[in-house]
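One letter stands for each residue in the lines below.
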Amino acid sequence: DIVMTQAAFSNPVTLGTSASISCRSSKSLLHSNGITYLYWYLQKPGQSPQLLIYQMSNLASGVPDRFSSSGSGTDFTLRISRVEAEDVGVYYCAQNLELIFTFGSGTKLEIK
Amino acid sequence: QVQLQQSAAELARPGASVKMSCKASGYTFTSYTMHWVKQRPGQGLEWIGYINPSSGYTEYNQKFKDKTTLTADKSSSTAYMQLSSLTSEDSAVYYCATGTWFAYWGQGTLVTVSA
């Protein structure tokens, strides 16, 4: 199975500044069709996860454009510009290149 | 709007089975596969498997293959997951999720396994 690796905590950020969260996969998620099967989800405290980004760089419906994502086949970064209090929670990367859909262990966004 | 309404929390004895439900509304039930995800307390997310409500076809994470049975009832737009031979390791919140790229999630069903 493809293993997704994330740090447990982000670098602490001040509200209104930018934050970056990293994710690494054990295998390239770039398919021969040109699509990178990498997703980002946010789980706010006490809530179900919500989709932020699909296929590495596409913003899901209703997600603020403060969120963006980029990467190579194995290394990915979620960026949040102008962090707001409502952005706190655990961010999970995930892949479904292969049949088994796997998640990273999650990165908790730390606010100073 | 798409909604997934999951059944209430369950308290079960070790060795027992539980069956939880996920009632879908706001879209055509057979349009998307229904996935199930496990989250143990304070832990991350694990994909259990999915069912195609249209055909009944299922795929399981090998880790959960002997533990889980997924079914779906098209007439009531409801998906079900049964967990068998429960142990403390099965105590978790279980989510159903559907839509392209898991765009829609249920609120979760808490299963507590305790004697």
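Criteria and thresholds
Residues numbered from 1 in each chain as written. Chains lettered and ligands numbered in written order. Predicted model: local features only at pLDDT ≥ 70, side-chain atom pairs only at ≥ 80, totals over all residues. Heavy atoms only, no water. Helix = DSSP H or I, 4+ residues; strand = E, 2+ residues; numbered from the N terminus. Rg over C-alpha atoms; globule rule 2.2 N^0.38 Å. Buried < 20%, exposed > 50% of the residue type's maximum accessible area, 1.4 Å probe, protein only. Contact = heavy atoms within 4.5 Å. Areas by Shrake-Rupley, 256 points an atom, 1.4 Å probe, with all protein chains shown as cover. Lys, Arg positive; Asp, Glu negative; His and termini not counted. Charge placed at Lys NZ, Arg CZ, Asp CG, Glu CD. Salt bridge = Lys/Arg side-chain N within 4 Å of Asp/Glu carboxyl O. Buried area = accessible area lost by both parts, 1.4 Å probe. Core = buried A, V, L, I, M, F, W, Y, C linked by side-chain atoms within 4.5 Å.

Caption draft 1: Structural context of the overall build of chain B. Counting its regular elements, chain B contains zero helices and 11 strands. Secondary structure elements of chain B occur, N-terminal to C-terminal, as β-β-β-β-β-β-β-β-β-β-β. Here the C-alpha radius of gyration of chain B, 13 Å, is about what a compact globule of 115 residues would show, namely 13 Å. Principal axes of the C-alpha set define a box for chain B whose edges measure 40 × 25 × 25 Å. Burial statistics for chain B: of 115 residues in total, 45% are counted as buried. Of all intrachain contacts in chain B linking residues separated by at least 6 positions in sequence, the fraction that spans at least 24 positions is 52%. Taken as a whole, chain B presents about 5400 Å² of accessible surface, with 46% of it coming from carbon and sulfur. The centroid of the 9 positive side-chain charges in chain B is displaced by 3 Å from the centroid of its 7 negative side-chain charges.

Caption draft 2: Local environment of the pattern of salt bridges. All names here are of chain A. Per the stated rule, a full pass over the model turns up eight salt bridges over all chains. The closest approach of N and O atoms between E98 and K27, which form a salt bridge, is 2.6 Å. Taken together, the positions of E98 in the loop between β8 (90–95) and β9 (102–103) and K27 in the loop between β2 (19–25) and β3 (38–43) put the pair 71 residues apart, joining distant regions of the chain. One salt-bridge network, in which partners are shared between bridges, spans R66, E84, E86 and D87.

Caption draft 3: Representation of the interface of chain A and chain B within the structure. Taken together, the contact pairs 15 residues of chain A with 21 residues of chain B. Carbon and sulfur atoms supply 67% of the area that chain A and chain B bury against each other, a total of about 1400 Å² over both sides. Counting the surface chain A buries against chain B, the share from its top three residues, P49, L99 and F103 of chain A, is 34%. In this structure, the connection of chain A to chain B is made through zero salt bridges.

Caption draft 4: Broad picture of the nonpolar core. With 41 residues, the main nonpolar core has L38, W40, Y41, L52, Y91 and F103 of chain A together with F102 of chain B as its most contacted residues. Secondary structure elements with two or more residues in this core: β2, β3, β4 (50–54), β7 (75–80) and β8 of chain A together with β5 (45–51) and β9 (92–98) of chain B. At five residues, β3 of chain A tops the list of elements feeding residues into this core. By size, the runner-up hydrophobic cluster in this structure holds 24 residues, among which are L4, C22, F29 and I48 of chain B.

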